[in-house]
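Descriptive analysis of the structure
Listed below, chain by chain, are the residues.
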Amino acid sequence: MPNTIEYAKKYVPFLDQAYALASLTADLESDPELAKEGANANEIVVPKLEMDGLGKYDRNEGYTKGNVKFKYETVKFNYERGRAFNVDNMDEEETMNVIAPKIMGEFTRTKVAPEGDAFTFAKLAGKTGVSSATGALATGEAVVKALRTASTKMDEDQVPTESRILYITPTLKGLIDDLDTTKSKAVLNKFSKVVEVPQARFYTTIDLLDGKTSGEEAGGFRKNTAGKEINFMIVEKSAILKYNKHVAPKIVTPEQNQTADGYIFGYRKYGLVDVYENKLAGVYCHHVA
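Residues numbered from 1 in each chain as written. Predicted model: local features only at pLDDT ≥ 70, side-chain atom pairs only at ≥ 80, totals over all residues. Heavy atoms only, no water.

A look at the overall build of the protein
The number of helices and strands found in the protein is five helices and 13 strands. Residues classed as buried in the protein amount to 39% of the 289 residues present. Surface exposure of the protein reaches about 17800 Å², of which carbon and sulfur atoms provide 52%. (Helix = DSSP H or I, 4+ residues; strand = E, 2+ residues; numbered from the N terminus. Buried < 20%, exposed > 50% of the residue type's maximum accessible area, 1.4 Å probe, protein only. Areas by Shrake-Rupley, 256 points an atom, 1.4 Å probe, with all protein chains shown as cover.)

Let's talk about a nonpolar patch on the surface
A cluster of nonpolar side chains, Leu49, Met51, Val68, Phe70 and Tyr72, forms an exposed patch at the surface whose accessible area comes to about 550 Å². Residue assignment for the nonpolar patch shows that the elements contributing at least two residues are strand 2 (43-51) and strand 3 (68-76). Among the residues examined, Val68 registers a relative accessible area of 59% and is labelled exposed. (Patch = residues over 30% accessible without salt bridge, like charges linked within 9 Å, V, L, I, M, F, W, Y side chains within 5 Å. Salt bridge = Lys/Arg side-chain N within 4 Å of Asp/Glu carboxyl O.)

Here we look at unusual backbone geometry
One non-glycine residue, Gln158, adopts positive backbone phi at about 65°. The topology assignment puts Gln158 in the loop between helix 3 (140-156) and strand 6 (164-168). The backbone phi angle of Asp180 is positive, close to 50°, even though this residue is not glycine. Tracing the chain through its elements places Asp180 in the loop between helix 4 (170-179) and helix 5 (182-188).

Details of the confidence of the model for the protein
Close reading of the predicted structure is inappropriate where its pLDDT is low. Summary statistics for the protein give a mean pLDDT of 89 and a share of 89% for residues scoring 70 or more. The model gives residues 7-13 a pLDDT under 50, and that stretch makes two contacts with residues more than four places away or in other chains. (pLDDT = per-residue confidence, 0-100. Contact = heavy atoms within 4.5 Å.)

Considerations on the packing of aromatic side chains
Taken as a whole, this structure holds 11 aromatic pairs when the rule is applied. Summarising the aromatic geometry, the rings of Phe70 and Tyr72 are spaced 5.5 Å apart at their centres and angled 80° between planes, so their arrangement reads as edge-to-face. Phe70 sits in the exposed class, given a relative accessible area of 51%. For the ring pair Phe77 and Tyr243, a centre distance of 6.2 Å and an interplane angle of 45° mean the geometry is tilted. Here Tyr243 lies in strand 11 (residues 240-252) and Phe77 lies in the loop between strand 3 and strand 4 (79-88), a separation of 166 residues in the sequence. Each member of the pair, Phe77 together with Tyr243, is buried. Of the aromatic side chains, those joined through ring pairs into one cluster are Phe77, Tyr243 and Tyr270. Across the ring face of Tyr276, the terminal group of Lys279 is positioned such that the distance to the ring centre comes to 5.7 Å. (Phe/Tyr/Trp six-rings, centres within 6.5 Å; stacked < 30°, edge-to-face > 60°. Lys NZ or Arg CZ within 6 Å of the ring centre and 35° of its normal.)

Side note on the pattern of salt bridges
If you walk through the whole model with that rule in mind, you get 16 salt bridges. Among the salt bridges present, the one from Asp177 reaches Lys173, with a minimum N-O distance of 3.0 Å. Taken together, the residues Asp177 and Lys173, both in helix 4 and four residues apart, mark about one turn of the helix. The partly exposed category is assigned to Asp177, whose relative accessible area is 39%.

Here's the deal with the layout of surface pockets
Within this model, the largest pocket holds a volume of roughly 640 Å³. Looking at the largest pocket, it is lined by 30 residues, and the ones nearest its centre are Phe107, Lys111, Val112, Ala218 and Gly220. Contributing elements (two or more residues each) for the lining of the largest pocket: strand 4, helix 2 (99-125) and strand 12 (262-275). Take the lining of the largest pocket: its biggest share by element is 10 residues, from helix 2. Looking at the lining of the largest pocket residue by residue, the classes come out as 15 nonpolar, six polar and nine charged. (1 Å grid on protein atoms, 1.4 Å probe; cavity = no way out; pocket = protein on both sides within 12 Å on 5 of 7 lines; lining within 4 Å. Points joined across faces, edges and corners; volume = space filled by probe spheres on them. Nonpolar A, V, L, I, M, F, W, Y, C, P; charged D, E, K, R; others polar.)

Overview of the nonpolar core
Core analysis: the biggest nonpolar cluster contains 27 residues, and Leu124, Tyr167, Met233 and Ile240 have the highest contact counts within it. Here this core gets six residues from one element, more than from any other, and that element is helix 2. When residues no more than four places from it in sequence are discounted, the contact partners of Met233 are Phe121, Leu124, Ala125, Ile165, Leu166, Tyr167, Phe202, Val283, Tyr284 and Cys285. Membership of the second largest hydrophobic core comes to 19 residues, among which are Leu137, Leu172, Leu188 and Tyr284. (Core = buried A, V, L, I, M, F, W, Y, C linked by side-chain atoms within 4.5 Å.)

Re the pairing of strand 6
Of all the five residues making up strand 6, five are buried; the element is thus mostly covered by neighbouring parts of the structure. What you see with strand 6 is no split at all: Arg164, Leu166 and Ile168 on one side and Ile165 and Tyr167 on the other are buried throughout. Pairing of strand 6 with strand 10 (residues 230-236), which is carried by five bridges, proceeds in the antiparallel orientation. Across the sheet, Leu166 pairs through a bridge with Ile234, a residue of strand 10. In this sheet, strand 7 (residues 193-196) lies alongside strand 6 in parallel orientation, the contact comprising four bridges. In the strand pairing of strand 7, Ile165 is matched with Lys193. (Pairing = 2+ DSSP bridges.)

Written out as structure tokens, the structure is:
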């Protein structure tokens with residue numbers, strides 16, 4: 001009978017990884033030097049300044065006295081998430097040492113970053129007092145008109161122009177690009193940066209899945225039933241309080257693992273996303289009706 005020979009399998013050192021973008025809202029991270037930690041572990045305290053405007057100057061009595069209010073605003077942390085993975089030592093060895101080096105990088109890119117962006121956009125969109133509008137944007141002309149309306153609103157509210165970031169879906173950005181007109185280019189030039197956000201991260205309200213309850217075992221997030229798809233959002237950076245108090249990726253080796261012969265890969269993130277009370281005009285959200 002003929003020989004039966006199975007050829008040796010050559011190891012290919014590239015994983016079949018899921019597509020995912022890195023964090024799209026990293027530009028909004030606040031300077032930690034501008035905030036001091038609150039007395040309680042679940043709070044942060046940030047300075048807030050208010051003052052009176054000009055008054056009449058009298059040549060006999062001099063200045064009209066005004067008041068300056070400087071106080072600290074307490075904001076509670078609103079984001080605490082984590083996950084741990086266990087990989088048996090033999091599983092790691094028999095997969096040619098592929099799993100362990102890839103888990104944390106893949107997890108951060110495909111799970112942590114998308115959820116962090118979705119949480120940020122949902123928190124900003126849901127903040128009481130920020131500017132908003134609704135409607136269908138089916139053409140490039142409609143998108144340009146909506147962006148001009150939004151920019152004008154922020155101009156009238158005296159929001160600084162030099163640090164406005166436009167977050168917009170790739171579909172709507174494509175409609176603008178297809179116009180290729182002076183008006184379409186001019187409206188985009190009003191922003192310091194234009195960031196395309198996949199619709200899968202762009203909702204007014206999301207649910208954070210707990211990873212335990214039936215139907216939520218996979219964890220992550222999903223659009224809330226009352227959530228709307230965001231078309232675009234304009235954010236003036238200084239209006240945002242986005243602060244990560246604790247980010248802790250952790251790797252426990254089999255030698256350190258006291259309960260099993262395997263690796264433990266853990267990740268925890270604790271922080272907040274909010275808008276300063278005096279700068280609510282620095283966020284403009286346009287979503288579907």
